[in-house]
Amino acid sequence: MKLTNFVNGQWQQTEQAEFRPVLNPANGDELAKVRMSTAQDVDLAVKAAVIAQKKWAKVPAPKRADYLYEIGRLMKERKEHLAQVLTKEMGKVIEEGRGEVQEGIDMAYYMAGEGRRMFGETTPSELGDKFAMSIRSPIGVVGLITPWNFPVAIATWKSFPAIVGGNTFIWKPATETPMMAYEMAKIFEEVGLPDGVANIVFGAGSEVGTALLEHKDVRVISFTGSTETGRKVAETGGRNLKKVSLEMGGKNAVIVMEDADLDLAVEGILWSAFGTAGQRCTACSRVIVHKDVKEELQRRLLTKMETLTIGDGSDENIKIGPVINRKAIEKIHSYIEIGQQEGATLLVGGEILTGGIYDKGNYYAPTLFTDVQPNMRIAQEEIFGPVVSIIEVASLDEAIEVNNGVIYGLSSSIYTADVNRAFKAQRDLDTGIVYINAGTTGAEIHLPFGGTKGTGNGHRDSGVAALDVFTEWKSVYVDYSGKLQRAQIDNET
Ligand code: UN1
């Protein structure tokens with residue numbers, strides 16, 4: 001199968017183009033070939049999106065939302081198929097694949113509901129016989145750059161508020177996971193979304209992403225990916241005066257206090273750390289544990305880890321799938337040596353799995369380091385794989401300080417039975433998402449998603465906050481006095 005761009009409601013003919021193979025990370029099978037587009041392809045898509053947007057902005061928001069209800073309905077109808085494709089191209093286990101598709105369905109219905117809200121504000125004017133209000137207004141053509149770890153959910157966090165907000169979009173999916181974008185394009189086509197509202201351009205970020213960032217007619221860029229790439233996106237976007245929304249890395253911690261329910265904490269840690277093979281921006285990669293329960297927590301973690309099955313995620317019995325590609329495996333593995341050189345103790349894991357199916361795919365053993373100091377590289381840098389560092393502390397204050405002592409600020413969690421500690425922690429943990437007595441993953445779509453410090457630039461995906469990215473405030477004054485009224489001058493009483 002050859003995946004070609006979807007622009008202006010048409011599947012582009014691309015005989016001459018360069019194509020790259022899409023591989024199943026579980027076994028190396030070639031699933032499809034994907035188009036590597038050029039700046040000219042981006043320009044073509046933007047031109048179509050500009051024309052379409054003029055009309056789309058005039059479609060009433062509740063009518064724009066009706067398309068989202070239809071999209072949600074089709075996604076629901078095809079949930080199993082979408083989940084299977086997702087697991088094949090991204091590698092996450094099928095149960096998580098279904099969960100991710102569900103996240104997209106939820107987002108469709110949630111944002112469709114916004115079509116009948118999208119509340120603005122009225123406020124008194126300082127002058128008599130004058131009415132003042134501010135309303136959310138469409139922005140224009142927006143560029144969406146999405147990662148491979150959540151190929152459908154994150155795309156829905158961005159494209160659905162863009163649609164309901166009256167914008168048209170160019171979506172550049174990750175090169176590793178274009179098949180979900182292809183499936184979504186088919187859905188956009190089937191629900192009859194007007195031509196040019198949803199455009200998909202496949203290719204590398206260096207070519208397509210840069211072209212979007214430099215295009216004069218693209219007004220917003222919403223990006224999720226690594227901090228390294230995000231920095232470049234911000235630089236190029238800033239130079240070109242784009243509104244740029246960034247969601248980047250994490251170094252998320254679970255804090256376990258001495259009064260915690262340890263079995264519950266173990267379950268939360270394993271799910272957050274090794275789910276999606278640790279390839280979530282919200283993945284737990286540090287455990288900050290009170291010294292009184294450290295040994296016991298480690299013992300229980302090790303026992304439970306023996307039950308984790310690793311393999312092809314399309315097998316229902318498998319708990320942990322492969323990581324995305326060889327490059328990722330090598331990066332993850334390089335941290336084992338780094339950790340050992342820094343003086344951390346490797347408790348379990350630390351190896352690239354081999355033999356049988358492992359030789360065909362990209363499998364990494366779930367790994368625990370202990371005796372980790374907060375400033376070690378393994379406790380500071382995002383590894384994006386199934387590797388966890390255990391750090392010992394002596395108090396809640398110290399735990400919070402360690403949690404906050406990284407450049408990232410996406411998600412954090414605390415296990416404690418003490419309500420006072422829980423409330424203090426939610427106030428003081430410097431992250432965009434805080435969990436009490438739950439792991440660091442599992443964000444729900446109707447709440448804002450994003451982080452502080454090096455994780456982002458103040459914007460949020462998901463929730464009603466997403467509308468702040470994809471709409472602009474317009475202040476409207478209606479003077480019904482029939483005479484010239486001058487603000488700041490004629491308002492003296
Ligand atoms: C991500 O971590 O890359 O919170 C996205 C979660 C999911 C989304 C995660 N709902 O785990």
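Parameters and conventions
Residues numbered from 1 in each chain as written. Predicted model: local features only at pLDDT ≥ 70, side-chain atom pairs only at ≥ 80, totals over all residues. UniProt positions renumbered as here; feature names shortened; annotations may be inferred. Helix = DSSP H or I, 4+ residues; strand = E, 2+ residues; numbered from the N terminus. Rg over C-alpha atoms; globule rule 2.2 N^0.38 Å. Buried ≥ 20, exposed ≤ 12 C-beta atoms within 10 Å, placed from the backbone. Contact = placed C-beta atoms within 7 Å. Near = placed C-beta within 6 Å. Nonpolar A, V, L, I, M, F, W, Y, C, P; charged D, E, K, R; others polar. Domains from an automatic or database assignment. Pairing = 2+ DSSP bridges. Axes fitted to C-alpha atoms, helices over the stretch in contact; angles between N-to-C directions. Right-handed = clockwise from strand over helix to strand, strands pointing away.

The name an unreviewed UniProt entry gives the protein is 3-sulfolactaldehyde dehydrogenase, with Planococcus halocryophilus as the organism. You can read under Sequence similarities (unreviewed entry) in the UniProt record for the protein the words "Belongs to the aldehyde dehydrogenase family." Note on the protein: under the UniProt heading Function (unreviewed entry), the record states "Part of the sulfo-TAL (or sulfo-SFT) pathway, a D-sulfoquinovose degradation pathway that produces sulfolactate (SL). Catalyzes the oxidation of 3-sulfolactaldehyde (SLA) to sulfolactate (SL)."

Participant: Teacher, can you tell me more about the overall build of the protein here?
Facilitator: Each helix and strand in the protein was counted, giving 15 helices and 22 strands. Here the C-alpha atoms of the protein give a radius of gyration of 24 Å, agreeing with the 23 Å that 2.2 N^0.38 yields for 493 residues. With the principal axes as the frame, the protein shows a C-alpha extent of 80 × 65 × 40 Å. Per-residue burial for the protein yields a buried fraction of 51% across its 493 residues. A fraction of 72% describes how many contacts in the protein between residues 6 or more apart in sequence connect residues 24 or more apart.

Participant: What is the right way to read the site of the ligand from this model?
Facilitator: In the region of the ligand, the neighbouring residues are Glu 103, Asn 149, Phe 150, Ala 153, Arg 280, Cys 281, Thr 282, Thr 441, Gly 442 and Ala 443. For the shell around the ligand, a count of residues per class yields 4 nonpolar, 4 polar and 2 charged. Taken together, domain 1 (2-248 + 456-476) and domain 2 (252-436) each give at least three residues to the shell around the ligand, which thus spans both.

Participant: Is there a simple way to explain the sheet that holds strand β7 (residues 130-138) in this structure?
Facilitator: Across a sheet, strands are paired by hydrogen bonds formed along the backbone, either parallel or antiparallel in direction. Strand order in the open sheet formed by 3 strands is β6-β7-β22, and the pairing between neighbours is antiparallel. Every interior strand has two partners, whereas the edge strands, β6 (121-124) and β22 (471-479), have only one. Neighbour-to-neighbour, the strand axes of this sheet turn through a mean angle of 25°, independent of strand direction. As judged from the 9 bridges shared by β7 and β22, these two strands associate in the antiparallel manner. Paired with Ile 135 across the two strands is Lys 474, which belongs to β22.

Participant: Would you mind going over the pairing of strand β14 (residues 284-290) with me for this structure?
Facilitator: Of all the 7 residues making up β14, 7 are buried; the element is thus mostly covered by neighbouring parts of the structure. Sheet topology places strand β13 (residues 252-256) next to β14; 5 bridges connect them, and they run parallel. Pairing of Val 256 across the sheet is with Val 289, part of β14. As for the winding sense of the linkage, the β-α-β connection from β13 through helix α9 (residues 262-274) to β14 is right-handed. In terms of strand pairing, β14 meets strand β17 (residues 387-393) through 5 bridges, oriented parallel. Note that in β17 the partner of Arg 286 across the bridge is Ser 389.

Participant: Even after reading the chapter, I still don't get the UniProt feature "active site" (unreviewed entry) in the protein, so can you show me in this structure?
Facilitator: Look at the UniProt record and you will see "active site" (unreviewed entry) annotated at Glu 247. Within the secondary structure layout, Glu 247 lies in strand β12 (residues 243-247). Residue Glu 247 is classed as buried on the basis of its C-beta count, with 28 C-beta atoms lying within 10 Å. Leaving out residues up to four positions away in the same chain, Glu 247 has contacts with Thr 224, Gly 450, Gly 456 and Asp 461.

Participant: Which parts of the structure should I look at to understand the packing of helix α2 (residues 61-77) against helix α5 (residues 153-164)?
Facilitator: Packed helices, taken two at a time, are described by their axes: the angle between them and the distance between them. Direction vectors running N to C along α2 and α5 enclose 145°, while the axes themselves pass 8 Å from each other. On the side of α2, the interface is formed by Ala 61, Arg 64, Ala 65, Tyr 67 and Leu 68, while α5 contributes Phe 160, Ile 163 and Val 164. When grouped by side-chain class, the residues that make up the contact of α2 with α5 number 7 nonpolar, no polar and 1 charged.

Participant: I would appreciate a short explanation of the domain arrangement of the protein in the present structure.
Facilitator: The extent of an interface is frequently quoted as the accessible surface area lost upon association of the parts. Assigned domains of the protein: these are domain 1 (2-248 + 456-476) and domain 2 (252-436). The C-alpha centroid of domain 2 is placed 31 Å from the C-alpha centroid of domain 1. If you look at the interface, domain 1 gives 15 residues, while domain 2 gives 20 residues. Looking at the side of domain 1 that touches domain 2, the elements with two or more residues in it are α3 (79-90) and α4 (94-114). Per-element accounting of the side of domain 1 that touches domain 2 gives the leading share, 3 residues, to α3. Considering only residue class, the side of domain 1 that touches domain 2 consists of 5 nonpolar, 6 polar and 4 charged.

Participant: Got a minute to help me understand the sheet that holds β17 in this structure?
Facilitator: As summarised here, the arrangement of the 7 strands in space is β15-β16-β17-β14-β13-β19-β20, forming an open sheet in which the pairing is mixed. Two strands in the sheet have a free side with no partner beyond their single neighbour: β15 (345-348) and β20 (433-436). Pairs of neighbouring strands in the sheet enclose a mean axial angle of 20°, with direction left out of account. In this structure, β13 lies alongside strand β19 (residues 411-415), joined through 4 bridges in parallel fashion. When the bridges of β19 are listed, Ile 255 appears paired with Ile 414. Here helix α13 (residues 396-404) sits on the sheet in contact with β13, β14, β17 and β19, set at roughly 145° to β17.

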